[in-house]
Every structure is written in C-alpha cells, then in structure tokens.
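# Tertiary structure, described
Spelled out, the chains give:
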Amino acid sequence: GAVVSQHPSWVICKSGTSVKIECRSLDFQATTMFWYRQFPKQSLMLMATSNEGSKATYEQGVEKDKFLINHASLTLSTLTVTSAHPEDSSFYICSAPLLAGGGSGQFFGPGTRLTVL
Amino acid sequence: KQEVTQIPAALSVPEGENLVLNCSFTDSAIYNLQWFRQDPGKGLTSLLLIQSSQREQTSGRLNASLDKSSGRSTLYIAASQPGDSATYLCAVSGGYNKLIFGAGTRLAVHP
C-alpha cells in the first residue's frame, strides 16, 4: 500500500522556539495533504489542508500564523509550529489521499510527538 | 456540522470472543467511511474503507458494514486475539478527502 513518512518521529524543544515537521508521500504524489493533532486519549482533530502550490486551508480555531504549512512539491508538506509553548505539546499526524477529489482512502504517517518544555 | 460517535468507548474481552464496535454519524452525505487501528503512541493503520455506495467490506477476521441512510457503521472482529488490542477509530469523509474522526474504542483482549 501507499506509504507516508514523517520526520522527526519525536522532538523536544524549549518554549519560544520553532519546530518543523515534514510529511512525505513515498510512492505516490499528493496534491493535498492533511495535518491532524491528537491530544492524549483524544481523537484526531483536523488542523489544516495542505495544498500543493497554493495556500493551506485552516480549520476554525487554528491559528494560521502559528502553524505554518508549506506544500512545495507533490510529495512533501511541512508544518512549522512557531514560537511553541507547552500547550502546543501534542501528537501531530499527517495524511495523504491516494486520489485527489474525494472517494479514496487516506494513508497516515507515523506521527510526530512534540514536547515543549 | 458532521459529528461522529463511537460506542463503546472502551471494551475488555477474553480471547476468542467475537466483537462489534459501533460508529454513528450525523450527516449521511459522506463519500466514504474508514476504520483505522491505532496502537499507543503510533500512527494510524487503515483497516477497511467503505465507499458510500457499498454496504460492507471484509478483510480477514474483520468485517465492516455501512448503513448510510441511518448514519451507522459497525466493525465486526471475529475470534479476537490479544494482538487485536488497540484503539479503533472510525472516520467519515464528507468531501475534499477531509476526515472527521470519532473518539475511538479502546479494545483490550486478554488471554
């Protein structure tokens, strides 16, 4: 099946620093990727839709200036958490659909555990 | 606004039992429904994908059904094993591939 990778798998940073997380589709191209956040013992919440070559679309309540998304190629999307604070500590997961436009399954990366001290 | 509910929230069963996990959604206008498995601290593994025009999908000991008109799906696990212990997530796609997730069912299968 399709493979999506994420890097790093975990990161610890100091409050106020920025952290970049990469999401790659390894064997298929993805014009759209999705970023989710998962707090302990909670489900996944969609943060934003990453669109190749254009601006990301953010869900209500997600600060676009804090969570910068760049989708520079058909296989790579990055999420940068700017000026991270302890409340940003979470599990961040990306996904990519096999087919654009709806109707296909989604493949998820292994996730990135962010801890902000 | 689409809402997805999963019942039960947690389930503990002895090995060998057949299980039914339930998922309900409020808006029947979906493209598809997907069941995932998540192990602690890990990403998601796709188990079954049911398109809106389908009634069920099967993979090994897993069978998922979809009743779109009533907004329900069930995941049936036959002959459960300790290795099935995980959190099972149901998610619906309402367009543009955006997934809305339920809170999950935490399953523990003990020997």
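Each chain carries its own residue numbering, running from 1 in the written order of its sequence. As a convention, the first chain written is A and the first ligand written is 1, with the rest following in written order. For a predicted model such as this one, the threshold for reporting local features is a pLDDT of at least 70, and the threshold for listing and counting side-chain atom pairs is 80 or more; totals across whole chains, interfaces and linings nevertheless cover every residue. Note that water and hydrogens are dropped before the side-chain values are worked out from all heavy atoms of the structure.

Attention now moves to the interface of chain A and chain B. We call two residues contacting when some pair of their heavy atoms lies within 4.5 Å. Taken together, the contact pairs 23 residues of chain A with 20 residues of chain B. Summed over both partners, the interface of chain A with chain B buries about 1,600 Å², with 52% contributed by carbon and sulfur atoms. By definition, a salt bridge exists where a carboxyl oxygen of Asp or Glu is found within 4 Å of a side-chain nitrogen of Lys or Arg. Remark: the boundary between chain A and chain B carries 1 salt bridge. Among the ionic pairs, Lys98(B) bridges to Glu59(A), the shortest N-O distance being 2.8 Å. The term polar contact refers here to a pair of N or O atoms within 3.5 Å; inside protein, the definition further demands a hydrogen-donor-capable atom paired with an acceptor-capable atom, and it admits residues adjacent in sequence only when both atoms are side-chain atoms. Applying the counting rule to chain A against chain B returns 5 residue pairs in polar contact (both at pLDDT 80 or more). For the side of chain A that touches chain B, the secondary-structure elements that each account for two or more residues are strand S4 (32-38), strand S5 (44-51), strand S9 (90-97) and strand S10 (106-108) of chain A. Charged means Asp, Glu, Lys or Arg here, nonpolar means Ala, Val, Leu, Ile, Met, Phe, Trp, Tyr, Cys or Pro, and polar covers whatever is left, Gly included. Its residues placed into classes, the side of chain A that touches chain B shows 11 nonpolar, 10 polar and 2 charged. Here the quantity called buried area is the total loss of accessible area, with a 1.4 Å probe, experienced by two parts when brought into contact, counted for both. A run of DSSP states H or I qualifies as a helix once it reaches four residues; a run of E qualifies as a strand once it reaches two. Both are numbered from the N-terminal end.

This next bit is on the confidence of the model for chain A. Looking at chain A, the pLDDT average stands at 91 and 95% of residues meet or exceed 70. The lowest-confidence element of chain A is S10(A), averaging 87 in pLDDT; the highest-confidence one is strand S11 (residues 112-116) of chain A, averaging 97. Confidence of the prediction at every residue is given by pLDDT, a number between 0 and 100.

Another point: the pattern of salt bridges. All names here are of chain A. Under the criterion given, the structure shown has 5 salt bridges over all chains. Glu22 is paired through a salt bridge with Arg24; the nearest N and O atoms lie 3.5 Å apart. Given a relative accessible area of 33%, Arg24 falls into the partly exposed group. The buried label goes to any residue with under 20% of its type's maximum accessible area, the exposed label to any with over 50%, and the partly exposed label to all in between, with areas taken from a 1.4 Å probe on protein chains only.

The next thing to look at is the sheet that holds strand S3 (residues 19-25) of chain B. Working definition: the strands of a sheet are paired by backbone hydrogen bonds and lie parallel or antiparallel to each other. Residue and element names in this part refer to chain B. Two strands qualify as a pair provided DSSP detects at least 2 bridges between them. As summarised here, the arrangement of the 5 strands in space is S1-S3-S8-S7-S6, forming an open sheet in which the pairing is antiparallel. Looking at which strands have only one partner, the edges of the open sheet turn out to be strand S1 (4-7) and strand S6 (56-59). Strand-to-strand twist across the sheet, computed as the mean angle between neighbouring axes with direction ignored, equals 15°. Strand direction decides the pairing type here: strand S7 (residues 62-67) and strand S8 (residues 72-77), joined by 6 bridges, are antiparallel. Each residue of the ladder has a partner; that of Asn63, found in S8, is Tyr76. All axes are obtained by fitting lines to C-alpha atoms, using only the stretch in contact for helices, and the reported angles, taken between N-to-C directions, cover 0 to 180 degrees.

Moving on: the environment of Thr115(A). Residue and element names in this part refer to chain A. With respect to the helices and strands, Thr115 occurs in strand S11. A residue is classified by how much of its surface remains accessible, and Thr115, at 29% relative accessible area, is partly exposed. When the C-alpha positions of Thr115 and Ser15 are compared, they lie 9.5 Å apart, and in sequence the two are 100 residues distant. In this structure, Thr115 is in contact with Val11, Ile12, Cys13 and Ser89, ignoring residues within four places of it in sequence.

Moving on: the side chain of Gln38(B). Looking at the secondary structure, you find Gln38(B) in strand S4 (residues 32-38). A polar atom in the side chain of Gln38(B) sits 2.8 Å from the backbone oxygen of Lys42(B). In contact with Gln38(B), not counting residues within four places along its chain, are Gln38(A), Leu44(A), Phe91(A), Ile93(A), Gly43(B), Leu44(B), Ala86(B), Thr87(B) and Leu89(B).

In the predicted model, chain B carries a mean pLDDT of 94, and 100% of its residues have values of at least 70. Mean pLDDT values over the elements of chain B span from 91, in strand S10 (residues 99-101) of chain B, up to 98, in S8(B).

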